[in-house]
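Fold and geometry: a report
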Amino acid sequence: MKSSVRDFEITNNDLKALTGLDKDDVLLGGTAFTVKDYFLNLVNGILSANLESPRKELTLLIVLWLFSVYIVGTLSVLIFERFIPIIPGWLSNIIIVLAAVITSLTARWYWIQKYVTPFLGSLVKQAENYNQVVADMRAIDRQEEEHKQNLNFRDRQKVVEAMELARYDLVRAFTIERKFRKNKDYVDTEDELSISNVATLLQLRVSDPNSEYARLLNETLQVAVRTQEEMRKLSTLHDRQGIQP
């Protein structure tokens, strides 16, 4: 009997529970090293429909912008009216609006950067890649049921085993990253950062290297490898900070 992969998906609720953050915050801030990066991530997220709640993010920015307009506008009264009276009113209004836009974007970026690390952004990306493997496996299962096909059961079990191992690595990586983010000296041993199922995954083989199962096995392996790479980066940061196990 086939084992179901329905519950293998790492859902948005799972990500929120593992990271303590909304997925949108992670996607927007994981690779946002500057305010410009955050803005580009926001635009790309809206256009590509990757953001789960774009309205929520835009509403927050509008609120920040309105608050910034009030603050910047109040300060500008002193600057423009007392010290630079020659500037036309329409130009001062444009300057106020633009300054408020920059201020609101900067404030939002700064908040995200306090809680979202590049490691976390990369791990979420791997979780998305992993979920795609799960979706592809479910599609293959549906195709078999519809066409009464019976593809190689052993090969499928190999992929399922690989998916379980990769998911375990991802969940453990999220857990370690969150603890490290909140308390950078919590790690007891460096082994905790280097444990991985990649070696086990490399030993898994399917009978047909050109089959869909072979493709899924390889994609699952890539997820595990990249997850391991992020843990190595975290381990390097751990060493640089001079934390002794």
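Residues numbered from 1 in each chain as written. Predicted model: local features only at pLDDT ≥ 70, side-chain atom pairs only at ≥ 80, totals over all residues. Heavy atoms only, no water.

A few points about the overall build of the protein chain
Within the protein chain, the secondary structure is distributed over 10 helices and 0 strands. Listing the helices and strands of the protein chain from first to last along the sequence gives α-α-α-α-α-α-α-α-α-α. Taking all 245 residues of the protein chain together, the buried fraction comes to 38%. In the protein chain, 80% of the contacts between residues at least 6 apart in sequence involve partners at least 24 apart. Carbon and sulfur atoms provide 57% of the accessible area of the protein chain, an area that totals close to 14500 Å². (Helix = DSSP H or I, 4+ residues; strand = E, 2+ residues; numbered from the N terminus. Buried < 20%, exposed > 50% of the residue type's maximum accessible area, 1.4 Å probe, protein only. Contact = heavy atoms within 4.5 Å. Areas by Shrake-Rupley, 256 points an atom, 1.4 Å probe, with all protein chains shown as cover.)

Comments concerning the side chain of Glu230
Relative to the helices and strands, Glu230 resides in helix H10 (residues 212-240). Look at Glu230 and you get buried, because its relative accessible area is 7%. In this structure, Glu230 is in contact with Phe119, Ser122 and Leu123, ignoring residues within four places of it in sequence.

Focus: helix H1 (residues 12-19)
Residues of H1 that are buried: Leu15, Leu18 and Thr19. Across the axial projection of H1, the buried residues extend over an arc of 80 degrees, all falling on one side. Residues of H1 that are exposed and point over 90 degrees away from its buried face: Asn13 and Ala17. Gly20, located one to two residues past H1, shows a positive phi value of around 80 degrees. (Arc of directions from axis to C-beta.)

Structural notes on the packing of H1 against helix H7 (residues 153-182)
For any two helices packed against each other, the geometry comes down to the angle between their axes and how far apart the axes lie. Packing of H1 against H7 leaves a shortest axis separation of 8 Å and a crossing angle of 40 degrees. Put simply, H1 runs oblique to H7. The residues of H7 that touch H1, namely those facing Asp14, Leu15, Ala17, Leu18 and Thr19, are Arg167, Val171, Phe174, Thr175, Arg178 and Arg181. (Axes fitted to C-alpha atoms, helices over the stretch in contact; angles between N-to-C directions. Parallel < 35°, antiparallel > 145°, perpendicular 65-115°, else oblique.)

Description of the nonpolar core
Ranked by internal contacts, the top residues of the largest apolar core, which has 50 residues, are Tyr38, Tyr130, Met137, Met163 and Phe174. Counting residues per element, the ones that place at least two in this core are H1, helix H2 (23-29), helix H3 (35-47), helix H5 (89-115), helix H6 (118-147), H7, helix H9 (198-202) and H10. The element contributing the most residues to this core is H7, with 11 residues. (Core = buried A, V, L, I, M, F, W, Y, C linked by side-chain atoms within 4.5 Å.)

Here's the deal with the environment of Asn129
Checked against the element boundaries, Asn129 lands in helix H6. As for Asn129 and Glu219, which are separated by 90 residues in sequence, their C-alpha atoms are 8.1 Å apart.

Notes on a nonpolar patch on the surface
The grouping of Phe39, Leu40, Val43 and Leu47 at the surface amounts to a nonpolar patch, some 390 Å² of accessible area in total. Mapped onto the secondary structure, Phe39 falls in helix H3. What makes Phe39 partly exposed here is its relative accessible area of 40%. (Patch = residues over 30% accessible without salt bridge, like charges linked within 9 Å, V, L, I, M, F, W, Y side chains within 5 Å. Salt bridge = Lys/Arg side-chain N within 4 Å of Asp/Glu carboxyl O.)

Observations concerning the confidence of the model for the protein chain
Regions with low pLDDT carry predicted coordinates that are not meant to be interpreted in detail. Here the protein chain averages 78 in pLDDT, while 79% of its residues score no lower than 70. At the low end of the mean pLDDT range in the protein chain sits helix H8 (residues 191-194), at 60; at the high end sits H7, at 89. (pLDDT = per-residue confidence, 0-100.)

Some remarks on H3
Here H3 spans 19 Å end to end across 13 residues, near enough to the 18 Å set by a 1.5 Å rise per residue. Within H3, burial applies to Tyr38, Asn41, Leu42 and Gly45. Seen from one end, H3 has its buried residues packed into an arc of 100 degrees, which puts them on one side. Projecting away from the buried face of H3 at angles above 90 degrees are the exposed residues Lys36 and Leu47. One or two residues past the end of H3 sits Ala49, with phi positive at roughly 65 degrees. (Expected span 1.5 Å × (residues − 1).)

Considerations on the pattern of salt bridges
With the rule as written, the count across this model stands at 6 salt bridges. A salt bridge links Arg167 to Asp14, with the nearest nitrogen and oxygen atoms 3.6 Å apart. Remark: Asp14 occurs in helix H1 and Arg167 occurs in helix H7; sequence separation between them is 153 residues. Owing to a relative accessible area of 27%, Asp14 belongs among the partly exposed residues under this scheme. For Glu230, the salt bridge is made with Lys233, and the minimal N-O distance between the two is 3.2 Å. In this pair, Glu230 and Lys233 are both assigned in helix H10, 3 residues apart and thus about one turn of the helix distant. We classify Lys233 as partly exposed; its relative accessible area is 46%. One continuous salt-bridge network, built from bridges that share partners, spans Asp136, Glu212, Arg215 and Glu219.

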